[in-house]
Amino acid sequence: MDKLSGAKMGKIKKLRGGNKLFVSGDGNILAGFSGQNIAYVYHLASNSSEPVFKIRTIRHLQCVAVSPDRTLLAAKSTTGEIAVFLLESGEELFRVKTKEMDGYEMYFTEDSRSLLDLGCSRIKLIDIESRQVTYLDDEIKPVVGYYPRVWRIGLDRYSKQIYRLIETDNKYSGELQISSSDPDRISFRVARDLSLLPLSLKCFFLCKERNFYWNGTQIAVTDKQFNDIGKIDLPAELVDAKPLLDFYVSPCEKYILFDLKRVSGLSYLYELETMKMVHKFEYPYICDFTMVKDDTVFVISTWQGSFIGEV
């Protein structure tokens, strides 16, 4: 159950499917999935809590993606399998097994003809027609006594860049690297050296104008090249809740959700500019959070489903 605090909100609806959320580039399509590996796809413009598509996918499901032309759904497992389905019928077109376990999100290219997969160590492009897998970047090379590992990789749809956070030695030093997301131009350059890698920097957020991460004491604000340009203090009532490891910034940068499940099991939605509390939630096991329709509608994803409502 959720408890209201601050401004009055409209009715909150529960959707089937939660976990890691997918939102289309135009903000109209939302997808999540259940523990039974069923993907649920919603058309947000309809304001309906019923999915327009429901597809049983593959075991050990980790994330899903919907093509821009709304004909395909891709499903990725924690064991390195990626399967592609027809949305209308749920028919599986094909699946590929890659060498990598786990990884991060997938995105269809704008023409819906290929799938860009952000893996833990390599970036792959899967051609839908030929089913061919092409590795787009160089393999990460080991250094003396250590094999660098990727802590976080994410695609910024707004700047069309890929950000990759790599731990480069066993003393927690690292690099924040940036590349174009154009499949023909994948090449990472070092944007920042990090002598002591903040654990929660792997939870950076890529918003429309700026990026955000936790620097250990404050919310750090960066430009799209990840240069620090500002800092935001925690609300007074949350200062004692540190270390703060889970927060989410809305795409249009109007709101921020602090998830204190490690401390109290509660989460708090604030206006980012004023740090005025808008709402307090008691949803257990929050997995993801985003906002759509110009940051007027929130979606909180949990293991048990998602919750959507207007601010």
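Just above sits the structure.
Rules used throughout
Residues numbered from 1 in each chain as written. Predicted model: local features only at pLDDT ≥ 70, side-chain atom pairs only at ≥ 80, totals over all residues. Heavy atoms only, no water. Helix = DSSP H or I, 4+ residues; strand = E, 2+ residues; numbered from the N terminus. Buried < 20%, exposed > 50% of the residue type's maximum accessible area, 1.4 Å probe, protein only. Contact = heavy atoms within 4.5 Å. Areas by Shrake-Rupley, 256 points an atom, 1.4 Å probe, with all protein chains shown as cover. Salt bridge = Lys/Arg side-chain N within 4 Å of Asp/Glu carboxyl O. Pairing = 2+ DSSP bridges. Axes fitted to C-alpha atoms, helices over the stretch in contact; angles between N-to-C directions. Polar contact = N/O pair within 3.5 Å; in protein donor to acceptor, adjacent residues only side chain to side chain.

A. Structural view of the overall build of the protein. Helix and strand counts for the protein come out as zero helices and 28 strands. A burial count over the protein gives 55% of its 311 residues as buried. Relative to all contacts within the protein whose residues are 6 or more apart in sequence, the contacts with residues 24 or more apart total 40%. Per element, the accessible surface of the protein, about 14800 Å² overall, is 48% carbon and sulfur.

B. Spotlight on the pattern of salt bridges. Inspection of every chain in the model, using the stated rule, returns 16 salt bridges. Here Lys124 makes a salt bridge to Asp117, at a shortest N to O gap of 2.8 Å. Of the two residues, Lys124 and Asp117, neither departs from the other in class, the shared state being buried. The shortest N-O distance in the salt bridge between Asp228 and Arg192 comes to 3.2 Å. Of this pair, Asp228 sits in strand S21 (residues 228–232) while Arg192 is found in strand S17 (residues 189–194), placing the two residues 36 residues apart along the sequence. Through salt bridges with shared partners, one network takes in Lys20, Glu105, Arg152 and Asp288.

C. Looking closely at the sheet that holds strand S11 (residues 114–118). Across the sheet, which stays open at both edges, the four strands sit in the order S10-S11-S12-S13 with antiparallel pairing between neighbours. Only two strands of the sheet have a single partner each, and these edge strands are strand S10 (106–108) and strand S13 (133–135). Pairwise comparison of adjacent strand axes, ignoring direction, gives a mean angle of 20 degrees for this sheet. Relative to S13, strand S12 (residues 123–127) runs antiparallel, the two sharing three bridges. Counterpart to Leu125 in the pairing with S13 is Thr134.

D. Representation of the side chain of Ser181 in the model. Tracing the chain through its elements places Ser181 in the loop between strand S16 (174–180) and S17. Within the structure, the side chain of Ser181 is placed 3.0 Å from the backbone oxygen of Lys160, a separation counted as a polar contact. Not counting residues up to four positions away in its chain, the partners in contact with Ser181 are Leu116, Leu155, Lys160, Gln161, Ile162 and Ile186.

E. Representation of the environment of Asp246 in the model. With respect to the helices and strands, Asp246 occurs in the loop between S21 and strand S22 (247–249). Take Asp246: its relative accessible area is 12%, and that puts it in the buried class. Spatially, the C-alpha atom of Asp246 lies 6.3 Å from that of Phe258, the residues being 12 residues apart in sequence.

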